[in-house]
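Commentary on secondary and tertiary structure
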Amino acid sequence: MPPTSVAAPRGAVTAAERSLAPDLARGVMLLVIAVVHAHILHGLAHGGAAPSSAVDTVTSVVVLAFGEGRGYPMFAALFGYGLASIYARRTAQGDSWPTVRSLIRRRGRWLFVFGILHTLLLFFGDILAVYGLIALMFAGMLVRSDRRLLAWGAVWAVGGTGLYTLVNNLLVADVEGDTQVLAHPLTDIVTRAMTWPAMAPLLLVTSVFPFLVGVWAARRNLMTASERNRALLVRTAAIGIPVGVIGGLPYALISAGVWDGGPAAAAVTGWAFMLTGYAGGFGYAALIALIAARMGARRGPVATALAACGERSLTSYLLQSVAWIVLFAPYMLDLAVRVNGTAAVAMGVGVWVATVVLADVLRRAGIRGPAEWVLRRLSYGPRHTARGVAAGQSAAHR
């Protein structure tokens, strides 16, 4: 059994009880996700053609090497970290494993529902349903030994990325053609519904490994006891980030049209791109944990706003997708075909900034994110939801 050192009042964690590092990490990684999604949607609107200018080429290479395939692994690790923390907290309070497993799976079922609705209404590349499936399929890993956890992680790291690369190379042309935002909302919904069965398994097989690493990390409180784990965090950041960038660069150059290495090179570099993306994501998480530890209680307004965004990461993630529909859909503003790739990425940054500002406004008002409130109520019931709202309002006015 993993250690159960986390203790808190029964129910979900309140705003006043949250640690800085995980929320700060989520807030920063939402920037990576926003930039990557804007870049992908711009590329789809232009039929996947290579960038047409030197500036766009540089932008594409930077986004691919530093962002794509690096943000989602870290989010999956934080998801595992969160579920393991729920398990530790609830068992420390005396709940049995079947009771906690029921809570985890109930949360997973509702995340799956959120994800399906998100796919149909907003965005083809949804990750929420995938996380819901992981919670349903891999809840039992929360009580497995470290050795078994890491052994399964290694299998999923190699096998998952290999399967993703193989399937992606075979189907990428069809998937890109199907996922282009279409000119009518109804056909857009139908296309996203048809795309989901192809996209979800690919995202699932590449998310299990970081999820398991997140469970392992939570057992050691890596994000919340950063000083005690400083040496490991420093090594992870110092090695993981360069490995992520260097490992992703060859594939980034091929994707941006700078290097034409042929099908074999595309397959090998694509696999390396995915595998080293894990290292990059873990490196980013470790760096943010170190920064949070250095801040301590002396966080400034920027860090506070970023943490507020991370605390409301589900709401912020969904709002980003609303923005993509408004900005890029042909039946809305249709800006994807009107601007270059660099401008589209800049819009992604702007969308993220807007969600950070909104999250901080909600924090100041003592308001939980709407999506978080709904998921919490569905997972824990109305009594604990009311308790969390009251505690959050109390903390906001201290």
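Residues numbered from 1 in each chain as written. Predicted model: local features only at pLDDT ≥ 70, side-chain atom pairs only at ≥ 80, totals over all residues. Heavy atoms only, no water.

**Regarding the packing of helix H3 (residues 71-92) against helix H5 (residues 128-138)**
- Where H3 contacts H5, the two axes come as close as 11 Å, and the packing angle between them is 40°. With respect to H5, the axis of H3 lies oblique. Crossing of H3 against H5: the hand is right-handed. Mapping the contact onto sequence places Tyr72, Phe75, Ala76, Phe79 and Leu83 in H3 and Tyr131, Ile134 and Ala135 in H5. (Axes fitted to C-alpha atoms, helices over the stretch in contact; angles between N-to-C directions. Helix = DSSP H or I, 4+ residues; strand = E, 2+ residues; numbered from the N terminus. Parallel < 35°, antiparallel > 145°, perpendicular 65-115°, else oblique. Left-handed = near helix turned anticlockwise from the far one by under 90°. Contact = heavy atoms within 4.5 Å.)

**What about the environment of arginine 368?**
- With respect to the helices and strands, arginine 368 occurs in the loop between helix H12 (341-365) and helix H13 (370-380).
- Judged by relative accessible area, which is 14%, arginine 368 ranks as buried.
- Counting along the chain gives 60 residues from arginine 368 to alanine 308, while the straight-line C-alpha distance between them is 9.4 Å. (Buried < 20%, exposed > 50% of the residue type's maximum accessible area, 1.4 Å probe, protein only.)

**Comments concerning the environment of arginine 312**
- Assignment of secondary structure puts arginine 312 in the loop between helix H10 (301-311) and helix H11 (313-328).
- Classification of arginine 312 by relative accessible area gives buried; the value is 5%.
- In the structure, arginine 312 is positioned 55 residues away from isoleucine 367 in sequence and 9.9 Å away in space, judged by C-alpha atoms.

**A few points about unusual backbone geometry**
- We note that asparagine 221 has phi near 50°; this positive angle belongs to a residue other than glycine.
- With respect to the helices and strands, the residue asparagine 221 is situated in the loop between helix H7 (185-219) and helix H8 (230-255).
- One non-glycine residue, aspartate 334, lies in the positive phi region at around 55°.
- Structurally, aspartate 334 is set in the loop between H11 and H12.
- When its relative accessible area of 16% is taken as the criterion, aspartate 334 is described as buried.

**A short note on the packing of helix H4 (residues 97-121) against H11**
- Two elements in contact, H4 and H11, have axes separated by 11 Å at closest approach and are oriented at 15°. Classified by the angle their axes make, H4 and H11 are roughly parallel. At the point where H4 passes H11, the crossing takes the right-handed sense. In this structure, H4 contributes Phe114, His118 and Leu121 to the contact, and H11 contributes Leu314, Tyr317, Leu318, Ser321 and Ile325.
- For the contact of H4 with H11, the class distribution of residues is 6 nonpolar, 2 polar and no charged. (Nonpolar A, V, L, I, M, F, W, Y, C, P; charged D, E, K, R; others polar.)

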